[in-house]
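Here's the letter readout for the chains.
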Number of protein chains: 2
Amino acid sequence: MPELRKDPVVGRWVIISTERSRRPTNFTPTTHEKTSHFCPFCAGNEEKTPPEVYAYRPGGGAPNGPGWKVRVVPNKFPALQIEGTLDRRAEGLYDKMNGVGAHEVVIETPSHDQDLADLPVEHLEQVLNAYRERALDLHRDRRFRYVLIFKNHGAQAGATLEHSHTQLIATPIIPKILQEELDGCRRYFELKERCVFCDIIQQETAENAGRRIVSTTDRFLVIEPFAPRFPFETWILPRQHDASFHVLSDIGELKDLATALKDTLQRLNRALDRPPFNFVIHTAPVSDGDIEYYHWHLEITPTLSRVAGFEIGSGFYINPTPPEDAAQYLREVAVEA
Amino acid sequence: MPELRKDPVVGRWVIISTERSRRPTNFTPTTHEKTSHFCPFCAGNEEKTPPEVYAYRPGGGAPNGPGWKVRVVPNKFPALQIEGTLDRRAEGLYDKMNGVGAHEVVIETPSHDQDLADLPVEHLEQVLNAYRERALDLHRDRRFRYVLIFKNHGAQAGATLEHSHTQLIATPIIPKILQEELDGCRRYFELKERCVFCDIIQQETAENAGRRIVSTTDRFLVIEPFAPRFPFETWILPRQHDASFHVLSDIGELKDLATALKDTLQRLNRALDRPPFNFVIHTAPVSDGDIEYYHWHLEITPTLSRVAGFEIGSGFYINPTPPEDAAQYLREVAVEA
C-alpha cells in the first residue's frame, strides 16, 4: 500500500509509492518517440486495460468493446489504491496515512495519432464531459477531499504513454498549491468581499487593458497571467463565477470551453512548434461545495525550459518572457477556423 | 530593468526578465557535453568575466589575475540588476517592483574538469567560506531580504555552463518556499516552544531509529527526509541550532560541513552514476537576524526523473523511492577515504 506522508515543516503531502520502489539502477532516462509499439489505449486493445468506468459511444455498443470515442479506465499502475481506509497515524512528530485514492485515465481518442488539439470541437467537448462525469462520481466518495484533473503531453512533460490521455487522481488530501490558492482567495475575499479571479477578469478586460489577453469566447477569457512562472503560461478563466469545474451546467458551457481550449492549444502549437505541455484544472475541494471565494480555472504550462531544482527548491522563478509579449505572439499566430 | 511581480492569489514573486526577452523561436532545447569550447571560468580567462568581488589566492597575487583557487564574480547576464531603487508600486490589483538584486557566481575551481565532489576537503572548505563571505557582505545591503545560495550541476539540472560553479542571488523578497518554511517553523515553535528541525534531528537519531540516516559527522547529520518530493532527496542538517548559514563561527565548522558535503555528493555519485543535481542552502532572511525558531540546512535534490508540470502545478509529488530505501543504498555504497 502506498503511503501519504506530510512534511512536518511546510505541511506538504507526498505519495511514497512503496510497491513499485525504484532502485538506483532503475533511473536510466526514458525517451520515447512515435513508435509502432503496442499501445493499450488504441481501439481494438480494450481488453489490455482494466475494465472501463465510463465511455462515450455515440453509436452504442457494449462496454470494453469497440465503438467508443472517449474511454475512461482505472490506471493499471495506480499511484494510489482504491480499496482501504485512510488509517491516519503518527510516527513520532511525523504524520502519515494509507495511500488511498482513485487514479483514472481518460483516453481522449481511439486514434494513436491524434492529439487533443487535433480533435473536432464536438469530440473535445465529449472529453471535457468525461472529466465532468468522472469528477461528479468521485466527489461522492467521502474518503476523498480533492479530484485533480491534469494532462501531461509529451515525454518532456512527463507523459509515459504517447497516446493522448488525461489523468484524474482523487486524493484524501488537498494538493499544496491548490490549498494555497484557496487560502489566498479566502484572504482576498475577507478583505474585499470580492473574488480575486473576478477582479482579475475585470482588470484584464477593462478599457485600455487587454495586453495580456490571448482570446475570448462568450463564456471564457484566455490570458497570460500577470506574474507567470513560465514562458507562455496560459490561463483559461470562466467569466462566470463558479467554484467548481464539474458544476458546468450544460453542454453549451462545455462546448464553449472546448472551443477556447482547442483554440489555445492550436495557438501554442503554432507559436512554439507543438511544445510538450501540462494542464491542471484548478477547482474547489470535494467537501467545500460551492464556496463563494474560489473560482475554478484551467492552467496550461508549455514545457519550454527545464525547471531547475533551484526553482523547485526555492519557489523562486525567473521567467525570460514577459506575459505581454507572449500574449501578443499568441494573438498574432493564425489559427485555422 | 527586470521586474519583480507578485501573483495576486498565492503571493509568489517571480522575476520577469524584460531585457533578454525570449521570442518563441528562441526556445530550442539546449544540450551540452564536456567540450573544448572556450570557457570564461577557466584559469587564464579572468578578463572574460566581470571583475571579481572575492577570491581565495593561497599564494597571493593581484585580483583578476592567476593563482586563485576559488573566485567570485558578478554574473555577466544577471537575472536582477544591482543598481537602482525598488520603487514598489501597484498596477491595479497587482503588485510589482524593480528587479533590483545581486547575482553572483562562485567559480569553485580553476580547473574545467573538476566537479565539486572531486575537490579535496580543504578546497571545498574554501568554496563554502566564499559562500559565507559573500553572504555576509550581501547581508549589509538594506535593500535585500534574502540571499539565496544554490548550485545547478549538469545541464539537466539547469546548469548553462559546465565549469563547476555555485550561484548567489540576493533579492528584495523572500522566495516562496523559504517563506513557507519560516512560517511552518514559527507555527511549530509557537505550539511546542521547540525548533522543528531540532525535533527532527532528535527523532532521527534516537535509539532504534536511524533508518533515514545516510551519515553523520561531529556537527552534521545527513538524512533522507521523512516526506521527500524526489527520490534520493537528501538534507544536511547542522546538529547545533543556528538560524543562519553565514554565522558558522569558525573554520572547523566549515571543514566539517565540507566533509559532510563531499561524502554525500560522492555517495550520490556512486549510487546514481554521477547524477545531475541541485542544492539550495535554506537560511534565515536578512532582516530577521538570529530568529530562534528557524534552523538553517542544505537540501540536495538529484535530477532523476523529469518533474512534470502537473507536480509543479499542483504541488503534489509522487515519489517512487521510499527514503528508508534511499538511505540504505547511500549508506552501503563504498566511499573513498
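The structure under discussion appears in the preceding block.
Heads up: these notes are all about the structure in this document. (Residues numbered from 1 in each chain as written. Chains lettered and ligands numbered in written order. Predicted model: local features only at pLDDT ≥ 70, side-chain atom pairs only at ≥ 80, totals over all residues. Heavy atoms only, no water.)

Digging into the overall build of chain A
Link 1 in the chain: Along its length, chain A carries 6 helices and 15 strands.
Link 2 in the chain: The C-alpha radius of gyration computed for chain A amounts to 20 Å, which stays within 12% of the reference 20 Å derived for 337 residues, consistent with globular compactness.
Link 3 in the chain: Sequence separation of at least 24 residues holds for 67% of the intrachain contacts in chain A that already meet a minimum separation of 6.
Link 4 in the chain: Accessible surface, chain A: about 13200 Å² in total, of which carbon and sulfur atoms supply 48%. (Helix = DSSP H or I, 4+ residues; strand = E, 2+ residues; numbered from the N terminus. Rg over C-alpha atoms; globule rule 2.2 N^0.38 Å. Contact = heavy atoms within 4.5 Å. Areas by Shrake-Rupley, 256 points an atom, 1.4 Å probe, with all protein chains shown as cover.)

What to know about the interface of chain B and chain A
Link 1 in the chain: Across the contact, 89 residues belong to chain B and 89 residues belong to chain A.
Link 2 in the chain: Counting each side, the surface lost to burial between chain B and chain A is near 7800 Å², with a carbon and sulfur contribution of 63%.
Link 3 in the chain: If you sort the residues of chain B by the area they bury against chain A, F226, R306 and F316 of chain B come out on top, with a joint share of 11%.
Link 4 in the chain: The tally of links from chain B across to chain A stands at 8 salt bridges.
Link 5 in the chain: Where R5 of chain B meets E324 of chain A, a salt bridge forms, and the shortest distance between an N and an O atom there is 3.0 Å.
Link 6 in the chain: Put simply, chain B and chain A have 24 residue pairs in polar contact (both at pLDDT 80 or more) between them.
Link 7 in the chain: Looking at the side of chain B that touches chain A, the element that brings in the most residues is helix α2 (residues 176–192) of chain B, giving 8 residues.
Link 8 in the chain: For the side of chain B that touches chain A, the residue count by class is 48 nonpolar, 20 polar and 21 charged.
Link 9 in the chain: Alignment of strand β15 (residues 317–319) of chain A against strand β2 (residues 13–16) of chain B, held across 3 bridges, turns out to be parallel. Of the residues in β2 of chain B, the one forming a bridge with I318 of chain A is I15 of chain B. (Buried area = accessible area lost by both parts, 1.4 Å probe. Salt bridge = Lys/Arg side-chain N within 4 Å of Asp/Glu carboxyl O. Polar contact = N/O pair within 3.5 Å; in protein donor to acceptor, adjacent residues only side chain to side chain. Nonpolar A, V, L, I, M, F, W, Y, C, P; charged D, E, K, R; others polar. Pairing = 2+ DSSP bridges.)

Let's talk about the packing of aromatic side chains
All names here are of chain B.
Link 1 in the chain: Under the defined criterion, the tally for this structure stands at 18 aromatic pairs over all chains.
Link 2 in the chain: Aromatic side chains F220 and W296 sit 6.1 Å apart centroid to centroid with 70° between the ring planes, which places their arrangement in the edge-to-face category. On the criterion of sequence distance, the pair formed by F220 in strand β11 (residues 220–223) and W296 in the loop between β13 (277–282) and β14 (297–302) is long-range, its members being 76 residues apart.
Link 3 in the chain: On the basis of relative accessible area, F220 is assigned to the buried category, the value being 1%.
Link 4 in the chain: What makes W296 buried here is its relative accessible area of 0%.
Link 5 in the chain: Aromatic pair F245 and W296: ring centres 5.3 Å apart, planes at 70°, arrangement edge-to-face. Of this pair, F245 sits in the loop between β12 (234–238) and α4 (251–272) while W296 sits in the loop between β13 and β14, and the two are 51 residues apart along the sequence. (Phe/Tyr/Trp six-rings, centres within 6.5 Å; stacked < 30°, edge-to-face > 60°. Buried < 20%, exposed > 50% of the residue type's maximum accessible area, 1.4 Å probe, protein only.)

The analysis is restricted to geometry; functional conclusions fall outside its scope.
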